[in-house]
Amino acid sequence: MNVADSERAATRLRSAGYELTDSSEGADVLIFNTCSVREKAERKVFQRINHVRRERAGKQPLIGIMGCVAQLEGRAVFDSSPPVRFVIGTGATDRIPELLERVEDGEERVSDLGIRQETEVWDVSPVERHSKHIAFVPVIEGCNKFCTYCIVPYSRGRERSRTAAEIVTEVRHLSDLGYKEVQLIGQNVNSYRPKAVDGLEKFSGATPFSKLLRAVASTGIPRIKFTTSFPRDFHPDIVGAIEENENLCNWIHLPVQTGSNRVLRAMRRGHQIEDYWKHVETIKNARRRISLTSDIIVGFPCETAEDFADTLGLVERCRFDGLYIFKYSERKGTPAARLTDSVSASEKASRFITLERLQTSVQEGIYNSYVGSEVTVLVEGASARASVDMTGHTACNKVVNFRGTSGLVGRLVRVRVTEAKPHSLYGEFLGAM
Ligand code: SF4
């Protein structure tokens, strides 16, 4: 979401006449896009601002911050970091040029923490996209779920869905420009609920999101991925849409966070493990093999050894293709911050390692099962590890490296898998599609 916001900010700034540069050296204006999911990221931005100022010998740039830290801290940023001249909240991305103009006109401190206006369009210039082949397309922003450990509903505000007509038009345009993959993004994509149903009327589907998936699939763009899905709003028809449409990629990211109903309640996730397991069964029983990934927090306040054992049991049972594991850390301003952090740092570290080991062994089995098979890879560039190798992702979101040339970047290619590594596959190039 932050990359998508930066693309939008760049689009607005360039169309207002600003020239964009990748380097902070010599820039007249510096805007830091910030993340507040973890406290460390929040601290880092202020360290970066100080660093940039120390490095600059001559005229100091105008400094502004945008994103979640800007939204949460508001005008308090001006006290904690006096060099900051403007603060742009998460709903104000489209108004950056106007705010900047006020600063350039001499206004000392400028902030905008307002919401996005209905009249503001979500378009992003292709020039500002992070890739020429893969595009992020936000379908919903904000979150209404208020999980007790999470700051996002406070920093991103309530859920707002784009109209389907607007999303489909954007995907068609991207397809015409030669993009091979779109990633529909949002804090919870499957909570998609547009105010107006325009653009969805002729599509079947049990929920607005599964209708949207079918509508986007009908554009014919080769690959569509979507993330993240929220378990409580997960409907089996999402799997139905994937089964029907080859260009809907066979990968679902469905964060479970814990294997214990007691901890789920304390996290206020609004569902039970039994519900989650039903979704997993639907996904595993699909006609196409769908890759399933998840997130887990270990050491949430009140998580006992029994709760953690339940998490291990769930991970063993679900056999995730990938798992992002986090050690719980208190986030100021959330309801969980008022709970006693009852799990010691060493216990959290030990649970993290135990879970990681289990997941590694599960993943090893899954990745090994790909050896000998043929997969389709969207080539993204040279591998960071070996310049003679190209790298890309499969539709099921596995990283695949293979010996190839830069001329393949942006192409869909066939690769035979010859080797499985813990988090990636290696193979031989068979041909471009
Ligand atoms: S669903 Fe929960 S964890 Fe995800 S963004 Fe919303 S509040 Fe945060």
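Details of the structure are given in the entry above.
What counts, and at which threshold
- Residues numbered from 1 in each chain as written.
- Predicted model: local features only at pLDDT ≥ 70, side-chain atom pairs only at ≥ 80, totals over all residues.
- Heavy atoms only, no water.
- Pairing = 2+ DSSP bridges.
- Helix = DSSP H or I, 4+ residues; strand = E, 2+ residues; numbered from the N terminus.
- Axes fitted to C-alpha atoms, helices over the stretch in contact; angles between N-to-C directions.
- Contact = heavy atoms within 4.5 Å.
- Core = buried A, V, L, I, M, F, W, Y, C linked by side-chain atoms within 4.5 Å.
- Buried < 20%, exposed > 50% of the residue type's maximum accessible area, 1.4 Å probe, protein only.
- Domains from an automatic or database assignment.
- Parallel < 35°, antiparallel > 145°, perpendicular 65-115°, else oblique.
- Left-handed = near helix turned anticlockwise from the far one by under 90°.
- Nonpolar A, V, L, I, M, F, W, Y, C, P; charged D, E, K, R; others polar.
- Patch = residues over 30% accessible without salt bridge, like charges linked within 9 Å, V, L, I, M, F, W, Y side chains within 5 Å.
- Areas by Shrake-Rupley, 256 points an atom, 1.4 Å probe, with all protein chains shown as cover.
- Salt bridge = Lys/Arg side-chain N within 4 Å of Asp/Glu carboxyl O.
- Lys, Arg positive; Asp, Glu negative; His and termini not counted.
- Charge placed at Lys NZ, Arg CZ, Asp CG, Glu CD.
- Expected span 1.5 Å × (residues − 1).
- Arc of directions from axis to C-beta.
- Phe/Tyr/Trp six-rings, centres within 6.5 Å; stacked < 30°, edge-to-face > 60°.
- Polar contact = N/O pair within 3.5 Å; in protein donor to acceptor, adjacent residues only side chain to side chain.
- Near = heavy atom within 4 Å.

Trainee: It is not clear to me how the sheet that holds strand S5 (residues 134-138) should be interpreted in this structure. Could you clarify?
Mentor: To summarise the sheet geometry, strands pair through backbone hydrogen bonds and adopt either a parallel or an antiparallel arrangement. Pairing within the open sheet is parallel, and its three strands lie in the order S5-S8-S9. Two strands bound the open sheet, and with one partner strand each, they are S5 and strand S9 (223-227). Mean inter-strand twist for the sheet, computed between neighbouring axes without regard to direction, equals 25°. By the bridge criterion, five bridges tie S5 to strand S8 (residues 181-185) in an arrangement that is parallel. Directly across from Val-137, in S8, lies its bridge partner Leu-184.

Trainee: I keep staring at unusual backbone geometry and nothing clicks. Help me out?
Mentor: Glycine aside, the phi torsion of most residues is negative, and most peptide linkages are trans. Going from Thr-227 to Thr-228, the amide bond is cis rather than trans, its omega being 10°. In this structure, Phe-146 is a non-glycine residue whose phi angle is positive, near 55°. With respect to the secondary-structure elements, Phe-146 resides in the loop between strand S6 (140-141) and helix H6 (152-156). Despite not being glycine, Arg-268 shows a phi value in the positive range, around 55°. Here Arg-268 shows up in the loop between helix H10 (261-267) and helix H11 (273-284).

Trainee: I keep staring at the sheet that holds strand S4 (residues 110-112) and nothing clicks. Help me out?
Mentor: Spatial strand order, S1-S2-S3-S4: four strands in an open sheet with parallel pairing. Among the strands making up the open sheet, the edge pair consists of strand S1 (29-34) and S4. Strand-to-strand, the axes of this sheet are offset by a mean angle of 20°, without reference to chain direction. One ladder, built from four bridges, connects strand S2 (residues 62-67) with strand S3 (residues 84-88); its direction is parallel. If you follow Gly-64 over to S3, its bridge partner there is Phe-86. Across the sheet, helix H2 (residues 39-55) touches S1, S2 and S3, and the angle it forms with S1 is around 160°. Of the strands in this sheet, S1, S2, S3 and S4 are in contact with helix H5 (residues 96-104), which crosses S3 at around 160°.

Trainee: Whenever I open this one, the nonpolar core confuses me. Can you help?
Mentor: The nonpolar side chains of a soluble globular protein tend to be buried, and buried together. Counting residues in each nonpolar core, the largest one holds 72 residues, and the members touching the most others are Val-182, Leu-184, Leu-212, Phe-226, Ile-252 and Leu-355. Mapping this core onto the domain boundaries places at least three of its residues in each of domain 2 (126-368) and domain 3 (374-432). Leu-30, Phe-46, Val-52 and Ile-63 belong to the second largest nonpolar core, which has 15 residues in total.

Trainee: What's the story with the packing of helix H7 (residues 164-176) against helix H8 (residues 208-217) in this structure? I'm lost.
Mentor: The relative placement of two packed helices is expressed as an angle between their axes plus a distance between the axes. Contact geometry for H7 and H8: axes closest at 9 Å, N-to-C directions at 30°. Taken together, H7 and H8 sit at an angle that is classed as roughly parallel. H8 is crossed by H7, and the crossing has right-handed handedness. On H8, the residues touching Ala-164, Ile-167, Val-168 and Val-171 of H7 are Leu-212, Ala-215 and Val-216. Across the contact of H7 with H8, the residue classes break down as seven nonpolar, no polar and no charged.

Trainee: What exactly am I supposed to notice about a positive patch on the surface here?
Mentor: There is a patch of like positive charges on the surface, built from Arg-38, Lys-40, Arg-43, Lys-44, Arg-48 and Lys-327. When residues in the positive patch are grouped by element, the largest group, four residues, is from H2.

Trainee: Help me out: how do you make sense of helix H12 (residues 305-318) in this one?
Mentor: Every α-helical turn comprises 3.6 residues, leaving residues that sit three or four positions apart pointing alike. In a regular helix each residue adds 1.5 Å, so 14 residues correspond to 20 Å; H12 covers 20 Å between its end C-alpha atoms and thus fits that length. Of the residues making up H12, those classed as buried are Asp-307, Phe-308, Thr-311, Leu-312, Leu-314, Val-315 and Cys-318. Down the axis of H12, the smallest arc covering the buried residues is 160°, so these residues share one side. Buried residues in H12 make contact with H10, H11, strand S11 (291-298), strand S12 (322-327) and helix H13 (345-368). Backbone geometry just after H12 places Arg-319 at a positive phi near 45°.

Trainee: Could you clarify how one ought to interpret the packing of aromatic side chains in this entry?
Mentor: A ring pair, where both rings are aromatic, is described by two values, the distance of the centres and the angle of the planes. Summed over all chains, the structure comprises five aromatic pairs. Note on Phe-146 and Tyr-154: the rings are 5.4 Å apart at their centroids and 80° apart in plane angle, and the pair reads as edge-to-face. Using a relative accessible area of 25% as the deciding quantity, one classes Phe-146 as partly exposed. A relative accessible area of 35% means that Tyr-154 is categorised as partly exposed. The interplanar angle of 15° and the centroid separation of 6.0 Å between the aromatic rings of Phe-402 and Phe-429 together place this pair among those described as stacked. Highlighted residues: Phe-402 in strand S15 (residues 399-403) and Phe-429 in strand S17 (residues 424-432), separated in sequence by 27 residues. On the basis of relative accessible area, Phe-402 is assigned to the buried category, the value being 0%.

Trainee: It is not clear to me how a negative patch on the surface should be interpreted in this structure. Could you clarify?
Mentor: Taken together, the side chains of Asp-28, Glu-98, Glu-101, Glu-104 and Asp-105 define an acidic patch exposed on the protein surface. Within the secondary structure layout, Asp-105 lies in the loop between H5 and S4. For Asp-105, a relative accessible area of 64% translates into the label exposed.

Trainee: For this particular structure, what's the right way to read the side chain of Lys-225?
Mentor: Relative to the helices and strands, Lys-225 is located in strand S9. Only 3.1 Å separates the side chain of Lys-225 from the backbone oxygen of Thr-394, close enough to count as a polar contact. In this view, Lys-225 contacts Glu-181, Val-182, Gln-183, Leu-184, Cys-249, Trp-251, His-393, Thr-394, Ala-395 and Asn-397; residues no more than four positions away in its chain are not counted.

Trainee: Just to check I follow, could you spell out the site of the ligand for this structure?
Mentor: Near the ligand the following residues occur: Cys-143, Lys-145, Phe-146, Cys-147, Tyr-149, Cys-150, Val-152, Pro-153, Gln-187, Asn-188, Phe-230 and Arg-269. Considered class by class, the residues forming the shell around the ligand number eight nonpolar, two polar and two charged.

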